[in-house]
Amino acid sequence: MKFSGFMHWSLFIKEREIFAYYHGDYTFNSSKEKYAYLNDINELEGFDQEKREMVEKLVRILCKQKHGAVAIVFDEKTNAQDEAKRLCQVKRGTRICESVCYSEEEGWNEEEILAISGIDGALFIDYSGKCLAIGVIVDGEAIEKGNVGRGARYNSIKNYMELKQGCVGIVVSEDGMVDVIQHK
């Protein structure tokens, strides 16, 4: 923590400011690092430019969740239906009737995304923007070394991405950090 004066302080992780407090107001870091996920989106494999823009707009909506959010977007070649069914059959999520959260004409249904992403667990979204499952707890053997400073949400999705090719994990942490993760 760095104290800058009366009722003015900032919280840092290493040398990066996470948020600041100034006379009753909190502000999250808006430095270039906060938007580093944009580079990750531009490098997504299996997603054309239109789908990359779709992912970017989804991230911007998920950033509005006060307590963070998680979504997994599957590429065109991956059978998202089967993965959603597999996890929901063992009570690790709730399948929904393919809610159309995205349309090419209107984009994301922000109100719906914010409502369903407030549920603990991940959203499973197929390549066309249909939400297949909510509240999904991802599984898998722990093969990726964790980072205790980043929390369960990030570590679970990071590990799941190492096991699953053909999908993208979006992690919006409560502290405002955003990660777009894909196994390459």
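A brief report on the enclosed structure follows. (Residues numbered from 1 in each chain as written. Predicted model: local features only at pLDDT ≥ 70, side-chain atom pairs only at ≥ 80, totals over all residues. Heavy atoms only, no water.)

**A few points about helix 3 (residues 80-89)**
Working note: α-helix, 3.6 residues per turn, so residues spaced by three or four point in the same direction.
For step 1, the next point in the chain: Taken as a whole, helix 3 has its buried residues at Ala 80, Glu 83, Ala 84, Leu 87 and Cys 88. Axial view of helix 3: buried residues confined to an arc of 120°, hence all on one face.
For step 2, the next point in the chain: Capping the start of helix 3, Asn 79 holds a side-chain oxygen 3.1 Å from the backbone nitrogen of Gln 81, two or three residues further along.
For step 3, the next point in the chain: Of the residues flanking the end of helix 3, it is Lys 91, one or two places downstream, whose phi is positive at about 60°. (Buried < 20%, exposed > 50% of the residue type's maximum accessible area, 1.4 Å probe, protein only. Helix = DSSP H or I, 4+ residues; strand = E, 2+ residues; numbered from the N terminus. Arc of directions from axis to C-beta. Polar contact = N/O pair within 3.5 Å; in protein donor to acceptor, adjacent residues only side chain to side chain.)

**Here we look at unusual backbone geometry**
For step 1, the next point in the chain: Residue Lys 91 is not a glycine yet carries a positive backbone phi of 60°.
For step 2, the next point in the chain: Here Lys 91 lies in the loop between helix 3 and strand 6 (94-100).

**Details of the environment of Cys 131**
For step 1, the next point in the chain: By the element assignment, Cys 131 lies in strand 10 (residues 130-136).
For step 2, the next point in the chain: Cys 131 sits 32 residues away from Leu 163 along the chain, and the two C-alpha atoms are 21 Å apart.

Don't take any of this as a statement about function, it's just geometry.
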